[in-house]
Amino acid sequence: MTLHNTKRFLLPLLVAGGIVFSACTGKNTKEAAEAFQQGYADANGDNASSDVKQPEWSVNGNTLTYGSHTYTMKGNIDFDFIEGAKASVTFTNVPSDLQEFRTVYEQLLGKTIYGVCAMMPMAFELWGRDHQTGEQALQMICGSSCYNEVMRQLPDHMQASEYAPANDTYAQRCLPAALLQGATKENGYNPTEPYTVNIAIGRPENWGPESEMLQADLYQLDILTENAWSTPKRSITVMLPWNGDDLFKVNSCPALYINIFAPRKEWNGLK
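Residues numbered from 1 in each chain as written. Predicted model: local features only at pLDDT ≥ 70, side-chain atom pairs only at ≥ 80, totals over all residues. Heavy atoms only, no water.

**Some words on the overall build of the protein**
What the protein contains, in helices and strands, is six helices and 11 strands. As displayed, the protein has an accessible area near 12,500 Å², and 49% of this comes from carbon and sulfur atoms. (Helix = DSSP H or I, 4+ residues; strand = E, 2+ residues; numbered from the N terminus. Areas by Shrake-Rupley, 256 points an atom, 1.4 Å probe, with all protein chains shown as cover.)

Structure representation (structure tokens):
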């Protein structure tokens, strides 16, 4: 058995200087963004002494607890293709900072084919709160070409330009929430709590092919959404590199960041 096969079986809108508002900037978004920025500064020692205690974390089965936040995954999506297989990731909060995001990725969600899918809306939301942190989060969980494409497209969809008209519906700050269970255009993309990302296995021909160019195995899945797009199934492809730390990465996900239908109510932001 090769080393690679052995590994397979062992694996079970904030801008500097101010807030940018868009069509679905919610009433609590400014407060959430400012709180995130404060937390990011504290975590990096900008506003706190060096002896500040970092949140404790632990993993119990399929649940990771980080301070008061919890992340739980469940489902039957694995290396073997199972027709109709589904999975979900439920979490109480978007990670507060890059350290929490990294812990969730490396210690839980990055270890499964479907877990890393749920980290894309988390990373999008982090980008909305603080661009630098969001870019680092996306770079962590995406392959290089995927990261470059996301960063080329995402800003135009989440942040209004200086030339945009008031209440421009093209820039949609609530885009990350549209990927969560219960978030609909009718309710302003305010998801049910705790937040849940629902995932389904893709087509059998796209399950596990080897890519010599990427030096990885590829797996195509669908994130199941409500009605933000005309097609509720949003395709995402993840990969498991043949050499590395046995963590899955997102290889392609253009369906996740194209425009959603304009919200019909106010968006309240994410916790």
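**Notes on the nonpolar core**
Note on soluble globular proteins: their nonpolar side chains tend to be buried together. Core analysis: the biggest nonpolar cluster contains 71 residues, and Met120, Phe124, Leu138, Ile141 and Leu221 have the highest contact counts within it. A per-element tally of this core places helix α4 (residues 119-129) first, with seven residues. (Core = buried A, V, L, I, M, F, W, Y, C linked by side-chain atoms within 4.5 Å. Buried < 20%, exposed > 50% of the residue type's maximum accessible area, 1.4 Å probe, protein only.)

**A few points about the packing of helix α3 (residues 98-107) against helix α5 (residues 131-141)**
Look at α3 against α5: their axes get within 10 Å of each other, and the N-to-C directions meet at 15°. Overall, the two elements α3 and α5 adopt an arrangement that is roughly parallel. The interaxial crossing formed by α3 with α5 has right-handed handedness. Here Leu98, Phe101, Arg102 and Tyr105 of α3 come into contact with α5, specifically with Thr133, Gln136, Ala137, Met140 and Ile141. Among the residues making up the contact of α3 with α5, the classes are represented as six nonpolar, two polar and one charged. (Axes fitted to C-alpha atoms, helices over the stretch in contact; angles between N-to-C directions. Parallel < 35°, antiparallel > 145°, perpendicular 65-115°, else oblique. Left-handed = near helix turned anticlockwise from the far one by under 90°. Contact = heavy atoms within 4.5 Å. Nonpolar A, V, L, I, M, F, W, Y, C, P; charged D, E, K, R; others polar.)

**Thoughts on the side chain of Arg173**
Mapped onto the fold, Arg173 is located in the loop between α6 (144-158) and β7 (195-201). Among the residues examined, Arg173 registers a relative accessible area of 0% and is labelled buried. At 2.9 Å, the side chain of Arg173 and the side chain of Glu125 are in polar contact. (Polar contact = N/O pair within 3.5 Å; in protein donor to acceptor, adjacent residues only side chain to side chain.)

**Considering the packing of aromatic side chains**
Scanning the model with the defined rule gives eight aromatic pairs in all. Geometrically, the ring pair formed by Trp207 and Tyr219 is edge-to-face, given 5.0 Å between the ring centres and 75° between the ring planes. With Trp207 in strand β8 (residues 207-211) and Tyr219 in strand β9 (residues 216-224), this residue pair connects regions lying 12 residues apart in the sequence. As far as the burial class goes, Trp207 and Tyr219 line up, both buried. Site record: aromatic cluster; members linked through ring pairs are Phe79, Phe81, Trp207, Tyr219 and Phe248. We note Lys185 situated over the ring of Phe261; from NZ or CZ to the ring centre the distance is 4.6 Å. (Phe/Tyr/Trp six-rings, centres within 6.5 Å; stacked < 30°, edge-to-face > 60°. Lys NZ or Arg CZ within 6 Å of the ring centre and 35° of its normal.)

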